[in-house]
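# Topology and contacts: notes
So you can see what is in the structure, the chains are spelled out below.
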Amino acid sequence: MSKKKDYYEILGVDKKADAEELKKAYRKLAVKYHPDKNPDNPQAEEMFKEGAEAYDVLSNPEKRNIYDQYGHQGLSGGSFGGNGGFGGFEDIVSRFQDIFSSGFTSHGGFGDDMFGGGNRARKGTNLRIKLRLTLQEIAEGVEKKIKVKRHVSCKSCSGTGAKNGTAYKNCNTCNGSGQVRRVVNTMMGQMMTTATCPTCNGEAKIIEQKCEVCTGEGRVLDEEIIPIRVPAGVTEGMQLSMKQKGNVPPRGGIAGDLMIAIEEEPHPELHREGKNVVYELKISFVEAALGIEEQIIPTVSGTEKIRIPAGTQSGEIIRLRKKGIQDIEGYEKGDQLVYVSVWIPKNITKRERELLEELRDSQNFTPKNEKSEKSFLTKIRDFFGF
């Protein structure tokens, strides 16, 4: 394990720093490494957690005394486990809500004074839907408009749940902090803990008169038409997401996301293989022998005319360049592979039999024992790059 950093060093303070200096140092560090200001930055998130752990210890006289005497080893185990026992960002916010005063919102997120307008509000639940697409829509990309039922902010109370958006007051139980403190006895003496206020459920405010439209929920169920742009090349089971198109949480916050699971509608004649498509063309042995000047076949975007050369063998593959599916990464399109299958009738008429009997002994209709340049399996592997 790597050696833990010194708590004073993390906060950038002297070992004689008082409570106000510690608070100021932690606020500065929290602003710098806040996850909202450093999206997709694991190092910043780790620094944010380290700062919380350091402040949790040094702002507590009992913990600080143990740390000053015995270092990190003295805090290991018992009630003073590593990482301050934090479960994540929201846990850190909840633990230190009281020290930031106006720097916090009523829902425990950092407010405008601390982060210059950023608001870490609660997030609503995600919505999940399935979107069925044709092969053509997958090949070319498409914009779909879908009807979604979701919870949205109540316009009557501006999402507060209170009548006219103003009929609420600070919770008397927690004095508007959203938390209550308790003193618990531990092996090392008494310790102050914090918990979510049972009266306001951590919201810091109590509604005096509920909004008549949403009955205090701050949100209503609404139906919305949402346009979804699906890129070309998606695959069965792939999941797309649209930010903040899910449900808003009760009484304010950020809407969850809309998760879209892709389903492929089977094509009646074409089969998909990655970004290539395969079509089986059945022709008679007469057509295979004589050839076809114009054969119309289906493609993902309509139809295409191809030529079947005289003497085409069953199992041969004709490649139509860039008639397949666009790569999801935006690279070149795949191909359409036309697999030629020579169809043999099971029942023939007397006249047909007579004609075939005449051809039976013809040298041109006698199979040649010539070794194929490539087997059918090899051809398939070459086409698909196996």
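On a predicted model such as this, the values are computed, not experimentally measured, just so you know. (Residues numbered from 1 in each chain as written. Predicted model: local features only at pLDDT ≥ 70, side-chain atom pairs only at ≥ 80, totals over all residues. Heavy atoms only, no water.)

Counting residues in each nonpolar core, the largest one holds 32 residues, and the members touching the most others are Leu133, Val230, Ile262 and Leu281. For Val230, the residues in contact, after removing those within four places along its chain, are Leu131, Leu133, Gly141, Val142, Leu240 and Ile262. Core analysis: the next-biggest nonpolar cluster, separate from the first, contains 23 residues, Leu22, Ala30, Ala54 and Ile66 among them. (Core = buried A, V, L, I, M, F, W, Y, C linked by side-chain atoms within 4.5 Å. Buried < 20%, exposed > 50% of the residue type's maximum accessible area, 1.4 Å probe, protein only. Contact = heavy atoms within 4.5 Å.)

This part takes up the packing of helix 2 (residues 19–33) against helix 3 (residues 42–58). Packing of helix 2 against helix 3 brings their axes to within 9 Å, and their N-to-C directions diverge by 165°. Judged by the inter-axis angle, helix 2 sits roughly antiparallel to helix 3. Crossing hand, helix 2 versus helix 3: left-handed. Counting all contacts with helix 2, which are made through Leu22, Lys23, Tyr26, Leu29, Ala30 and Tyr33, the residues of helix 3 involved are Ala44, Met47, Phe48, Gly51, Ala52, Tyr55 and Leu58. Considered class by class, the residues forming the contact of helix 2 with helix 3 number 11 nonpolar, 1 polar and 1 charged. (Axes fitted to C-alpha atoms, helices over the stretch in contact; angles between N-to-C directions. Helix = DSSP H or I, 4+ residues; strand = E, 2+ residues; numbered from the N terminus. Parallel < 35°, antiparallel > 145°, perpendicular 65-115°, else oblique. Left-handed = near helix turned anticlockwise from the far one by under 90°. Nonpolar A, V, L, I, M, F, W, Y, C, P; charged D, E, K, R; others polar.)

Here helix 4 (residues 61–75) spans only 13 Å end to end across 15 residues, well under the 21 Å set by a 1.5 Å rise per residue. The principal kink in helix 4, of about 110°, is found at Gln69. Those residues of helix 4 not exposed but buried are Lys63, Arg64, Ile66, Tyr67, Gly71 and Leu75. (Expected span 1.5 Å × (residues − 1). Bend = angle between axes of the 7 residues up to and from the residue.)

Moving on, we get to the confidence of the model for the chain. The predicted model of the chain averages 81 in pLDDT, with 81% of residues at 70 or higher. Low confidence marks residues 77–83, where pLDDT is under 50. Its contacts with residues over four positions away, or in another chain, come to 13 contacts. In this model, residues 98–120 is a region of pLDDT below 50 whose contacts with residues beyond four sequence positions or in other chains number 62 contacts. (pLDDT = per-residue confidence, 0-100.)

This brings us to a nonpolar patch on the surface. Taken together, the side chains of Ile348, Leu356, Leu359 and Phe365 present a nonpolar region at the surface, about 310 Å² in accessible area. With respect to the element layout, Phe365 can be found in the loop between helix 9 (350–360) and helix 10 (376–384). (Patch = residues over 30% accessible without salt bridge, like charges linked within 9 Å, V, L, I, M, F, W, Y side chains within 5 Å. Areas by Shrake-Rupley, 256 points an atom, 1.4 Å probe, with all protein chains shown as cover. Salt bridge = Lys/Arg side-chain N within 4 Å of Asp/Glu carboxyl O.)

Before going further, it helps to examine the environment of Arg128. Within the secondary structure, Arg128 is located in strand 1 (residues 127–133). For Arg128, a relative accessible area of 61% corresponds to the exposed category.

With mixed pairing, 3 strands are arranged side by side in an open sheet as 1-9-8. Bordering the open sheet on either side are strand 1 and strand 8 (239–242), each of which pairs with just one other strand. Averaged over neighbouring strand pairs, the angle between their axes works out to 30° when direction is ignored. Relative to strand 9 (residues 258–264), strand 1 runs parallel, the two sharing 7 bridges. By the bridge assignment, Arg128 is partnered in strand 9 with Met259. (Pairing = 2+ DSSP bridges.)

Across all of its chains, the model carries 21 salt bridges by this definition. The partner of Glu53 in a salt bridge is Lys4, with the nearest N and O atoms 2.5 Å apart. Of the two residues, Glu53 is situated in helix 3 and Lys4 in the segment before helix 1 (7–11); the sequence distance between them amounts to 49 residues. You can call Glu53 buried: its relative accessible area is 5%.

Let us look at the packing of aromatic side chains. Scanning the entire structure with this criterion turns up 3 aromatic pairs. Aromatic ring contacts, followed pair by pair, group Tyr7, Tyr8 and Tyr67 into a single cluster. (Phe/Tyr/Trp six-rings, centres within 6.5 Å; stacked < 30°, edge-to-face > 60°.)

Mapped onto the fold, Asp335 is located in the loop between strand 14 (317–320) and strand 15 (336–343). Taking the relative accessible area as the measure of exposure, Asp335 reaches 9% and is therefore buried. Of the polar contacts made by the side chain of Asp335, one reaches the backbone nitrogen of Lys322; its length is 2.8 Å. In this structure Asp335 touches Lys275, Asn276, Val277, Arg319, Leu320, Arg321, Lys322, Lys323 and Gly324, once residues within four positions along its chain are discounted. (Polar contact = N/O pair within 3.5 Å; in protein donor to acceptor, adjacent residues only side chain to side chain.)

Now for the side chain of Lys63. Residue placement: Lys63 occurs in helix 4. Among the polar contacts made by the side chain of Lys63, one reaches the side chain of Asp56 at a distance of 2.8 Å.

We now examine helix 3. Helix length check: helix 3 (17 residues) gives 24 Å between terminal C-alpha atoms against 24 Å at 1.5 Å per residue, within 8%. Burial runs high along helix 3: 12 of the 17 residues are buried. Taken together, the buried positions of helix 3 are Ala44, Met47, Phe48, Glu50, Gly51, Ala52, Glu53, Ala54, Tyr55, Asp56, Val57 and Leu58.

A separate point is the environment of Thr199. By the secondary structure assignment, Thr199 is in the loop between strand 5 (189–196) and strand 6 (205–207). Sequence separation between Thr199 and Gly178 is 21 residues; the distance between their C-alpha atoms is 8.9 Å. Once residues within four sequence positions are removed from consideration, Thr199 is found in contact with Cys171, Thr173 and Ile206. At 2.8 Å, the side chain of Thr199 forms a polar contact with the side chain of Thr173.

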